[in-house]
Amino acid sequence: MKLSSFSNCFLYAMGLLVCLPQAYILRTQWQDWRACTTAGQALDRYEVATALTDQVMAEYEPTGMVLVHDTPAHRNALSRARQTTDSALRRLTILLDPVQDASGSDRLSLATTRRALDEARTDIDSLAMGKEHCEDGDTQGPLQYFTAVIDTLQPPMIDQAAQITQVTPGVYELLTGANQLSLISHYARQLRMQLIPALTTGCPITHAETDALLRLRGQIEEHHKALVQRLRPYRDQPALEQAYLSAETRYFNEALSEVDDLLISHRDTIVDKERFQRVYNQGLGPLGNMRSVMLQLARQQIQRQSHQALIMFYTAVAASMATLGLLLLVGFFFRHRVLNALADTNETLKAFARGHFNVPLPDRHHHDEIGETLHALAVLRANNLERLSLQEDRERLISQLRQQAETDFLTGLANRQATQRVGRQMLAAARRGTGDLSLILFDIDNFKQINDQYGHAVGDQVLALVAALCKEQVRQSDLIGRHGGEEFLILSQPCSLADATAQAERLRAALEACPLRLPDSAGIPFTASFGVATLNATQNLDQLIHDADSAMYEAKKGGRNRVCAYRHGAGQAELHNC
Ligand SMILES: Nc1nc2c(ncn2[C@@H]2O[C@H](COP(=O)(O)OP(=O)(O)OP(=O)(O)O)[C@@H](O)[C@H]2O)c(=O)[nH]1
């Protein structure tokens, strides 16, 4: 497995290992925040349900007034109170509608409330019609009806409270306390409703009313004690402490003292009705205020938790992004600094292995292990390039030396040694069937006389001129060599005897027609005698030269400045142009 594939797999695996738990954490934090939002909405519904409870309780007094004095004014007050209650009930129904659970218990419960309310109102209306004042039990029936209505509101409130405490358990005591305050308000208002006949018309308090007062007084005390217990953990909250002290003073001390005085003295009338009404009514307000403060504290706690959940969510998002970014950075770093560097180094090494030391080295200057390897490669490359350069110089020198060793200094033609070496190669090629090999051997006629007459320097110039004329006359592939002093040879391949003879004739004519031109002379004419031979199946180079030499000898003998060809089997060289 290649390192690059391995690193890709490793990075993908790491990405999954990092992403999956982080996705889980993100999901959890998001759900926590959503739950807090849902708890806040549940608290909204809880408050509306509480307000509805208050509104139902607000009907107690106008109901009591209508039962005592069925006047149009009291009827109007009752009608307004009922309208407000209906509107609060509708509002709660709308709020609860989108959050119905599978059982639809909240909706059913509100339908029951609606029914109980309608029944209570019907019964109260029929009770109010044509009745006499101060009848015993006037207020007992309506109170039972209202109690039934209040009871139907408990299930939706408990459901909402359960939803809230499931998310924010810390608000349990506050919600329970608020519910107890609702019940205390309920009993407190019932207690006052019991006294409406006595307060408004001066009717004597009946035994039944006294019993109801005692029962309600006991229930208020019972819930009051429980409320004090629940409030203990929150006494350090200034707003709640203040609301609590106000409720304690105004209702539990002052208002209930009025009731206790009435009960303890066993009187059937209230001495100072105005004072009783004022003190008792002023005591009811702090109860509602205290409950509002408790619900406000619960809301603040939910908001704090929601805020914390949101911060945790954003922190998780930031941590996820940072981790992923870090992973990508590590991947990029590893790919760039390690994998790519290794791949480049690998390519360079492969090129070196093929002997290509001229390839450019990867452009990396990091001080790490790969950087050190590349530095070593740079040294290796420089050493090898130097070695190759020296090798090239040496080969060039050898080539020059070889060329010098095989070149005739005077004419620039191949010397005898080179002629022998190249001649053997051409002979081998001819043996492989690449065509006939012919040899032209020629010697300048009476050259001694030229030397003697004009000097050796001029003789040398004649030799050089002969070489130049030869180069003009023969093919590039032919070999021209200086065989000896004033003797030259030409090896042609492929070339038949007839073609070689014709070529020798052209060369002879060219030499004859080109005397050596000297500045102070009219020209020094010279000629040459040529012998031509063609290689047969069994000959070696020396034998071929020997045949050409025989023919050249015949040309000399025949009077010079002529071409003689050697034919095998003829017994002697056959003269041509003689
Ligand atoms: N200038 C000069 N002369 C050379 C060179 N090599 C050989 N010779 C001369 O060439 C002459 C050859 O003379 P010979 O062998 O007698 O032949 P020839 O005078 O050409 O007469 P034939 O060959 O019979 O026509 C000698 O005088 C050599 O000194 C050379 O490199 N330069």
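Residues numbered from 1 in each chain as written. Predicted model: local features only at pLDDT ≥ 70, side-chain atom pairs only at ≥ 80, totals over all residues. Heavy atoms only, no water.

### Some remarks on the overall build of the chain
Next, step 1: Of regular secondary structure, the chain possesses 16 helices and six strands.
Next, step 2: Per-residue burial over the chain gives 44% buried out of 578 residues.
Next, step 3: The long-range share in the chain, meaning contacts at least 24 apart out of those at least 6 apart in sequence, stands at 74%.
Next, step 4: Of the roughly 30300 Å² of accessible surface on the chain, a fraction of 55% belongs to carbon and sulfur atoms. (Helix = DSSP H or I, 4+ residues; strand = E, 2+ residues; numbered from the N terminus. Buried < 20%, exposed > 50% of the residue type's maximum accessible area, 1.4 Å probe, protein only. Contact = heavy atoms within 4.5 Å. Areas by Shrake-Rupley, 256 points an atom, 1.4 Å probe, with all protein chains shown as cover.)

### Some details on the packing of aromatic side chains
Next, step 1: Tallied over the full model, the rule gives eleven aromatic pairs.
Next, step 2: On the numbers, 5.8 Å between centres and 5° between planes, the contact of F276 with Y280 is stacked. Taken together, the residues span about one helical turn, with F276 and Y280 both in helix α10 (residues 273-353) at a distance of four residues. Here F276 matches Y280 in class, with each residue buried.
Next, step 3: Centroid distance F313 to Y314: 5.8 Å. Interplanar angle 55°. Geometry classified as tilted.
Next, step 4: When its relative accessible area of 16% is taken as the criterion, F313 is described as buried. (Phe/Tyr/Trp six-rings, centres within 6.5 Å; stacked < 30°, edge-to-face > 60°.)

### What to know about helix α16 (residues 541-557)
Count 3.6 residues to each turn of an α-helix, and residues three or four apart come out pointing the same way.
Next, step 1: Helix length check: α16, at 17 residues, gives a terminal C-alpha distance of 24 Å against a target of 24 Å (1.5 Å per residue), a fit within 8%.
Next, step 2: Of all the residues in α16, the buried ones are L541, L544, I545, D547, A548, A551, M552, A555 and K556.
Next, step 3: Measuring from the side-chain oxygen of the N-cap residue of α16 to the backbone nitrogen of D542 gives 3.2 Å; that N-cap residue is N540.
Next, step 4: In the segment just after α16, G559 is the residue with positive phi, at about 120°. (Expected span 1.5 Å × (residues − 1). Polar contact = N/O pair within 3.5 Å; in protein donor to acceptor, adjacent residues only side chain to side chain.)

### Describing the site of the ligand
Next, step 1: Not every one of the 16 residues close to the ligand is listed here, only the nearest: F447, N451, D460, R482 and R560.
Next, step 2: Interatomic distance of 2.9 Å between a backbone N/O atom of N446 and an oxygen atom of the ligand.
Next, step 3: Within the contact set of the ligand, an oxygen atom lies 3.1 Å away from a backbone nitrogen or oxygen of K448.
Next, step 4: Bound to the protein, the ligand loses 65% of the 650 Å² it would expose on its own.
Next, step 5: Going through the elements one at a time, β1 (438-444), α13 (447-454) and α14 (456-473) are the ones with two or more residues in the shell around the ligand. (Near = heavy atom within 4 Å.)

### Examining the pairing of β1
Next, step 1: Most of β1 sits inside the fold, with seven of its seven residues counted as buried.
Next, step 2: Side chains S438, I440, F442 and I444 of β1 all project onto a buried face; the interleaved residues L439, L441 and D443 project onto the opposite face, where all are buried too.
Next, step 3: Here β1 pairs with strand β3 (residues 487-492) via six bridges, running antiparallel. Within the sheet, the bridge partner assigned to L439 lies in β3 and is L491. (Pairing = 2+ DSSP bridges.)

### A closer look at the pairing of strand β4 (residues 528-534)
Next, step 1: Of all seven residues making up β4, seven are buried, and the element is well covered by its neighbours.
Next, step 2: Burial of β4 is two-sided: the residues A528, F530, V532 and T534 facing one way and the residues S529, G531 and A533 facing the other way are all buried.
Next, step 3: Here β1 pairs with β4 via seven bridges, running antiparallel. Residue pairing across strands places D443 opposite S529, the latter belonging to β4.
Next, step 4: Inspection of the sheet shows β4 paired to strand β5 (residues 563-566) by four bridges, in the parallel sense. Along β5, the bridge assignment pairs G531 with C564.
Next, step 5: Assessed by its sense of winding, the connection that carries the chain from β4 through α16 to β5 is left-handed. (Right-handed = clockwise from strand over helix to strand, strands pointing away.)

### Topic: the side chain of D443
Next, step 1: Note that D443 resides in strand β1.
Next, step 2: Relative accessible area serves as the criterion here: at 7%, D443 is assigned to the buried category.
Next, step 3: At a separation of 2.7 Å, a polar atom in the side chain of D443 contacts the side chain of K556.

### Examining the pattern of salt bridges
Next, step 1: The full count for this structure, using the stated rule, is 28 salt bridges.
Next, step 2: Among the salt bridges present, the one from R299 reaches D44, with a minimum N-O distance of 2.6 Å. Of this pair, R299 sits in helix α10 while D44 is found in helix α1 (residues 3-58), placing the two residues 255 residues apart along the sequence.
Next, step 3: The residue E221 makes a salt bridge to R217 at a minimum N-O spacing of 3.2 Å. (Salt bridge = Lys/Arg side-chain N within 4 Å of Asp/Glu carboxyl O.)

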